[in-house]
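Report on the structure
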Amino acid sequence: MSKIIQLDEHLSNMIAAGEVVERVSSVVKELVENSLDAKSTDITIELTDSGIREIKVTDNGIGMDKTDIKLCYLRHATSKIKNQYDLFRISTLGFRGEALPSIASVSDMTIKSNNGETSNYIHLRASKLMDEGLISLNRGTEITVSNLFFNTPARLKYLKSENTELANVCEIVDKLAISNPSVRFKLVNNKKVLLQTYGNNDMKAIIGNIYGADSIKNMIEVDNEKNGIKIKCYLAQPIVNKSRKSAITLVINGRDVKNYSVINSVIDGYNTYIPVGKYPLAVVFVKMDPMLIDVNVHPTKKEVRLSSEDLLKSLITSTIKNALFKSRLIPELKMKEEKEVFPRSEIKVEEKTPTYIDKMEYIKQSFLEEEQIELEKRLPYLEYIGQYAGTYLLFQNDSGLYLMDQHAAAERVRYEKYIEALSNPTNISQPLMVTTIIDVTKKEKIFVDKNLEEFNKLGVVLEEAGPASYYLRSVPVWIIGDALSIVEEMIKFIVEIESIDLKQIRDELAKRISCKGAIKANKNLSIDEVNTLVKDLSKCKNPFTCPHGRPTIINFSQYEIEKMFLRVI
Ligand code: ZN
Ligand code: ZN
């Protein structure tokens, strides 16, 4: 019997809003999802010229009979959705129906399929049947799409460079491979293999195949559950950060979904562990009631909406924070970088780094439950052996040589004090004995005048001294070091982002003022100062990076050092 049914007209219209096919990657995605729907366990994607010339997807799925093959290119046929209710309970891959006819209408398409009984093929050009017949084929389906958009020059022009299209395809196939670990995937462009997975459910191996063997070294695996939402995270070490946000994969109920707000909760979990403008490499699997997911937000199903999004977000952020909190994350320096498994690095596309405002969206997390662990054990025992270039502190122990960046370390210590103080703000302030004047710009003056009350609440008491200056009367008790320059920095920052809502600005403010007044580079430290610094750092929740994500300490293992001197081979 034929498995594809004609869809009720009303429902079709609900789905049909908008174009589904816009790039090579969207064609690949649709074809591969078709293969997955057909229960395939082995899927090969072969591209010619990044798919602009040809895309061929071969699978070993259940195949189609002659009627199904023909229905494929008719509009509103789908084997998935039968009524509206189903539309809101999609926990499988979602609705096809619309995609194949759309692709068929703008390309040359050949469909070959063997359903175990017969093998048929059809050839379509712009949805017109050119040829059909019987062929010989193994069980499964092979769909070839060539000359995409040949009859729609406007859209053809919209295709980007071969590199960009290929990068997008890689990303899509990567995510499909991650969300379907029991399926073998092979991606090939112009006969060059770009990805191969083995369908053996080995998630770390899959991530390693995609992002390189280094990325899974000391990878943290952690799961958690709350209010019926289950998550499982694969977290690369912070040092393995990437320049694209797409290094974060979110799989909800077996589907890779884009939900930037949830993806940001992953970034938030890594907050201050990763350099500014970089992203963690992480895969997060979520299992939740499909009724809480609205997949039908956009016809290309890129952005997915969730009902209990805040709950999921805080679960992800706190799980990641706790997991990182429990790991020792001192980067070990190596002589040589390991080679990529597949030649991916030449395929590059630009992604803009987030602006402060982008970041504001997710730095809203307030008091996350953190498990108590013994803080002192976060850093190993370190024996101080000297200072290099007035900037780096040298230590040794059984594991080799350590270099500590004294500014980064001091900044981390101060940051954690400030974030604590700003999390539990008191307006207890201490009056300044000497008259201190703060000069401000006109813009700053206007903003500060309007918000004097709010500054008071922070413990900063200002009194007008002139058209562009204030007397600084009192400063918060929690300020460490040069109060004047820290208050100046606070004012500058608060005016810059035009907000004094502490909940929103706490993290960024703490970063800014922790840099001000921290031990500088090019400063000789006494042994006492070094001891205090190391003691304070070892009490930090994250002693491994400065608040901007730069490492505070790195390790040269004895083995690596001996290798450099050719003492070992
Ligand atoms: Zn700094
Ligand atoms: Zn820093």
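Along each chain, residues carry numbers from 1 onward, in the same order as the chain's sequence is written. Chains carry letters and ligands carry numbers; both start at the beginning, A for chains and 1 for ligands, and go up in the order they are written. Reporting of local features is limited, given that this is a predicted model, to residues whose pLDDT is at least 70; pairs of side-chain atoms are given and counted only at 80 or more, and all residues count toward the totals for whole chains, interfaces and linings. For the side-chain quantities, the full set of heavy atoms in the structure was used; hydrogens and water were omitted.

1. What to know about the overall build of the chain
Runs of E in the DSSP output that reach at least two residues are strands. Runs of H or I that reach at least four are helices, and both are numbered from the N terminus. Check the secondary structure of the chain and you find 18 helices and 25 strands. Remark: exposure states derive from per-residue accessible area (1.4 Å probe, protein chains only) relative to the maximum for the residue type, with buried under 20%, exposed over 50%, and partly exposed in between. By the burial criterion, 53% of the 569 residues in the chain qualify as buried. We call two residues in contact whenever any of their non-hydrogen atoms come within 4.5 Å of each other. Nonlocal contacts in the chain, meaning residues at least 24 apart in sequence, comprise 71% of its contacts between residues at least 6 apart. Accessible surface for the chain amounts to roughly 26800 Å². Of this, 52% is attributable to carbon and sulfur atoms. Each accessible area is a Shrake-Rupley result for a 1.4 Å probe, and residues are judged covered by the shown protein chains and nothing else.

2. What to know about the environment of leucine 312
Of note, leucine 312 is situated in helix H10 (residues 309-325). Discounting chain neighbours no more than four positions away, the residues touching leucine 312 are Ile229, Ile231, Val262, Val286, Met288 and Leu306.

3. Regarding the environment of asparagine 241
Following the sequence through the fold, asparagine 241 ends up in the loop between strand E12 (229-235) and strand E13 (248-252). Each C-alpha atom of the pair asparagine 241 and proline 275 lies 8.1 Å from the other, and the pair is 34 residues apart in sequence. Residues in contact with asparagine 241, not counting those within four places in the same chain, are Ile274, Pro275, Lys278 and Tyr279.

4. Points about the coordination of the zinc ion (ligand 2)
Every protein donor of the zinc ion (ligand 2) is accounted for by Glu411 (OE), Cys546 (SG) and His548 (ND1), and the metal-donor separations fall at 2.0 to 2.4 Å. Coordinating N, O and S atoms are those within 2.8 Å of the metal (3.2 Å for Na, K and Ca), and as water is not part of the atoms, a site may appear to have fewer donors than expected. When the donors of the zinc ion (ligand 2) are listed by position in the chain, the intervening gaps give E-x134-C-x1-H. Taken as a pair, the zinc ion (ligand 2) and the zinc ion (ligand 1) lie 4.1 Å from each other and share glutamate 411 as a ligand. Here cysteine 546 lies in the loop between helix H17 (527-538) and strand E25 (553-556) and glutamate 411 lies in helix H12 (residues 406-423), a separation of 135 residues in the sequence. Among the residues examined, cysteine 546 registers a relative accessible area of 0% and is labelled buried.

5. Focus on the sheet that holds E25
Ordered in space as E18-E19-E20-E25, the four strands form an open sheet in which the pairing is antiparallel. Two strands in the sheet have a free side with no partner beyond their single neighbour: strand E18 (383-388) and E25. Taken over all neighbouring pairs, the strand axes of this sheet differ in orientation by 25° on average, direction set aside. Where strand E20 (residues 400-405) lies against E25, four bridges are found, and the strand directions are antiparallel. Between any two strands, at least two bridges found by DSSP are needed for them to pair. For helices, the fitted line uses only the C-alpha atoms of the stretch in contact; every axis is such a line through C-alpha atoms, and the angle between N-to-C directions lies from 0 to 180 degrees.

6. Things to note about the pattern of salt bridges
When a carboxyl oxygen of Asp or Glu lies within 4 Å of a side-chain nitrogen of Lys or Arg, that pair is called a salt bridge. Within this structure, the stated rule accounts for 25 salt bridges. A salt bridge links lysine 232 to glutamate 221, with the nearest nitrogen and oxygen atoms 3.3 Å apart. Taken together, the positions of lysine 232 in strand E12 and glutamate 221 in strand E11 (residues 220-226) put the pair 11 residues apart, joining distant regions of the chain. Residues glutamate 416 and arginine 412 are paired through a salt bridge, measuring 2.9 Å at the closest nitrogen-oxygen approach. Of this pair, glutamate 416 and arginine 412 both sit in helix H12, four residues apart, which is roughly one turn of the helix. No difference in accessibility class separates glutamate 416 from arginine 412, as the two residues are buried. One network of salt bridges, with partners in common, ties together Glu489, Lys492, Glu496, Arg512 and Lys516.

7. Quick word on the packing of aromatic side chains
Each aromatic pair joins two rings of Phe, Tyr and Trp (for Trp, the six-membered one) with centres within 6.5 Å, and gets the label stacked for planes under 30 degrees apart, edge-to-face for over 60, and tilted for any other angle. One pass over the full model with this rule turns up four aromatic pairs. Ring geometry for tyrosine 234 versus phenylalanine 285: centroids 6.1 Å apart, planes at 80°, classification edge-to-face. In this pair, tyrosine 234 sits in strand E12 while phenylalanine 285 sits in strand E15 (residues 282-287), placing the two residues 51 residues apart along the sequence. Each ring, one from tyrosine 384 and one from phenylalanine 395, has its centre 5.5 Å from the other, and the planes form 55°; the classification is tilted. Taken together, the residues span a long stretch of sequence, with tyrosine 384 in strand E18 and phenylalanine 395 in strand E19 (residues 392-397) at a distance of 11 residues. On the basis of relative accessible area, tyrosine 384 is assigned to the partly exposed category, the value being 23%.

8. Re the pairing of E13
Counting buried residues in E13 gives five out of five residues, a clear majority hidden from the surface. Where burial is concerned, the two faces of E13 agree: the one with Ile248, Leu250 and Ile252 and the one with Thr249 and Val251 are both buried. Relative to E15, E13 runs parallel, the two sharing five bridges. Paired with leucine 250 across the two strands is valine 284, which belongs to E15. Bridge analysis of E13 against strand E14 (residues 255-256) gives two bridges, and the strand direction is antiparallel. Directly across from valine 251, in E14, lies its bridge partner aspartate 256.

9. A few points about the coordination of the zinc ion (ligand 1)
In an ideal octahedron of six donors the angles at the metal are 90 or 180 degrees, and in an ideal tetrahedron of four donors they are 109.5 degrees. For the zinc ion (ligand 1), every protein donor is listed as His407 (NE2), Glu411 (OE) and Cys515 (SG), and the spread of their distances is 1.9 to 2.4 Å. Mapped onto the polypeptide sequence, the residues donating to the zinc ion (ligand 1) form the spacing pattern H-x3-E-x103-C.

10. Some words on the environment of asparagine 224
In this structure, asparagine 224 sits in strand E11. Asparagine 224 sits in the partly exposed class, given a relative accessible area of 33%. Residues asparagine 224 and leucine 315, spaced 91 residues apart in sequence, show a C-alpha to C-alpha distance of 7.8 Å. Dropping the residues within four chain positions of it, asparagine 224 is found in contact with Ile229, Lys230, Ile231, Leu315 and Thr319.

11. Digging into the sheet that holds strand E9 (residues 184-189)
Here we have eight strands laid out as an open sheet, ordered E7-E6-E5-E8-E3-E2-E9-E10, and mixed in their pairing. Edge positions in the sheet fall to strand E7 (128-134) and strand E10 (192-196), since each has one partner strand and no second. Strand after strand, the sheet turns through a mean of 10° between neighbouring axes, direction not considered. In this structure, E9 lies alongside E10, joined through four bridges in antiparallel fashion. Residue pairing for E10: leucine 187 is matched across the bridge by leucine 195. Sheet contacts for helix H2 (residues 24-37): strand E2 (42-48), strand E3 (54-59), strand E8 (140-146) and E9; angle to E3, the most-contacted strand, approximately 15°.

12. Looking at the nonpolar core
Core analysis: the biggest nonpolar cluster contains 54 residues, and Ile45 and Phe185 have the highest contact counts within it. Taken domain by domain, this core gets at least three of its residues from each of domain 1 (9-196) and domain 2 (203-325). When neighbours within four sequence positions are excluded, phenylalanine 185 is seen to be in contact with Val32, Leu36, Ile43, Ile45, Val173, Leu176, Ala177, Asn180, Leu195, Gln196 and Thr197. Among the buried residues, those of types Ala, Val, Leu, Ile, Met, Phe, Trp, Tyr and Cys that are joined through side-chain atoms within 4.5 Å form a nonpolar core. Formed by 50 residues, the second largest nonpolar core is a distinct cluster that contains Cys233, Val257, Ala323 and Leu324. For every domain, the bounds stem from an assignment made automatically or drawn from a database.

13. Quick look at the pairing of E9
Strand direction decides the pairing type here: E2 and E9, joined by six bridges, are parallel. Looking at E9, one finds that aspartate 42 is bridged to arginine 184. With antiparallel pairing between neighbouring strands as the criterion, E9 and E10 make up a hairpin whose turn holds two residues, including asparagine 190 at a positive phi of roughly 45°.

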